[in-house]
Amino acid sequence: MSTFPARAVVNLDAIAGNVRALADYAPTAQVMAVVKADAYGHGLVPSAQAAIAGGARWLGVAQVPEAIALRAAVPASAARVLTWLYAPGAPLAAALEADVDLSVHAGWALAEVVAAARETGRVARVHLKVDTGLGRNGLTPTDLEALLPDALRAQSEGAVELVGVWSHFAFADEPDHPTVLAQAEVFDEVVGRVEAAGAHLEVRHLANSAATLTAPRMHYDLVRPGLAVYGLTPVPQLGPAADHGLTPAMTVEAELANVKRIAAGHGVSYGHRYRTTRDTVLGVVPLGYSDGVPRHASGDLPAQPGGPLLVGATADGGGRLLRVAGRVCMDQFVLDLGPDATEQAGDVVRLFGPGTGADTDGLPTAQDWAEAAGTISYEIVTRIGARVPRVYVGGEATAGPSAQGAAAAESESKEKQA
Ligand SMILES: *Cc1c(COP(=O)(O)O)cnc(C)c1O
């Protein structure tokens, strides 16, 4: 039995297979697997290695330290690494020493990249980030116009090489939204201007998971899927992930910490928002909101059904679909196992994984939890807490524990692979 009574089991073969599926959606483009936020909670390095095994030749992260950590495990011959979100004073020289591509999203950012290039004697490979309509990070087309002469001068002086122009969608998860095409048209215009000014771009890139799956027009030279790499769909309204050839990579499971009989009419968990309607059996699941189980997935009957779980499933299937009873607490929540429950402390319950979903009484999905909590599946997987060990299955023998995972993950990983 494990040292921590719950775990996130990450199937590295699913990640590799998802990247292959995404490459098939975008046959004319290269794939950048986005592995920011500890690979959406799946573990930075093992997930990146699995994505490379699936054919990704680029990796994308938001923060500069994530890029440097990634490069310590992934050689430049295996993948290019792009990082895009930093404030003044970021360790850009260290990023250049680590052979990382840098995004430039402001005038001061160009100045800091040029300074880092001079300091290290390296040529900084720069991707100009353009705000084509998202209204978030990036240079507006007007800002870009103003910055372009400085960027070209830095290029002619040998400090930088302008290798990319890129942008990000506001509404790619609504493929018919008029802003999608409007942003692409702005993008085309900006790319045209940068090229006309003398940049020889290697990659133009705009598509996230949703656009990779739904909009070939947006694939350009490189697609940047994140969520879909982990087997989840950003467009659940278009059908389950399996319809896109994607397999969810993460399964979250726990051992019941207690099972006990309790009388009818008993309140359950803080605030007694759930009350037993008959003599029954309660089970305590040792995962709570500090582990990323959303408090908004509490089961405040009859108003709100809680997050779904599969109890008592064996390798041959079966199992009962139950829902969180009462409030999700910091470290634990409760299930009403019913009067005829045969479960015992130590039995495994599964919150979500590569299942057919709560609708079918099968293993719930991260999407089911997102719906129970009023959020998106991105938030469900990325918030699985650091103390929940990641256990890797599949993949190559080199896969190690997440940078985020506890030492427990390492011993668990060995347990599983042994
Ligand atoms: C997170 C992110 C992506 C990946 O988005 P998904 O919707 O997860 O595919 C791509 N590009 C940028 C700039 C991002 O921040």
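What counts, and at which threshold
Residues numbered from 1 in each chain as written. Predicted model: local features only at pLDDT ≥ 70, side-chain atom pairs only at ≥ 80, totals over all residues. Heavy atoms only, no water. UniProt positions renumbered as here; feature names shortened; annotations may be inferred. 1 Å grid on protein atoms, 1.4 Å probe; cavity = no way out; pocket = protein on both sides within 12 Å on 5 of 7 lines; lining within 4 Å. Points joined across faces, edges and corners; volume = space filled by probe spheres on them. Helix = DSSP H or I, 4+ residues; strand = E, 2+ residues; numbered from the N terminus. Nonpolar A, V, L, I, M, F, W, Y, C, P; charged D, E, K, R; others polar.

As recorded in an unreviewed UniProt entry, the protein goes by the name Alanine racemase, listed as coming from Paraoerskovia marina. Per UniProt, the protein has the following entry under Cofactor (unreviewed entry): "pyridoxal 5'-phosphate". The protein has a UniProt comment under Function (unreviewed entry) that states "Catalyzes the interconversion of L-alanine and D-alanine. May also act on other amino acids."

Asker: What should I look at first to understand the layout of surface pockets in this one?
Answerer: A probe as big as a water molecule, rolled over the atoms, marks out the empty space that is left. If you add up the space inside the largest pocket, you get close to 680 Å³. For the largest pocket, the lining is made up of 32 residues, of which Lys 36, Arg 136, His 168, Asn 208 and Tyr 378 are closest to its centre. Elements with a minimum of two residues in the lining of the largest pocket: helix 2 (36-40), strand 4 (80-85), helix 9 (209-214) and helix 11 (377-382). Reported here for the second largest pocket is a volume of approximately 390 Å³. Lining the second largest pocket are 20 residues, with Pro 240, Ala 241, Thr 356, Thr 365 and Gln 367 positioned closest to its centre. The element contributing the most residues to the lining of the second largest pocket is helix 10 (residues 366-373), with three residues. Grouping the amino acids of the lining of the second largest pocket by side-chain chemistry returns seven nonpolar, ten polar and three charged.

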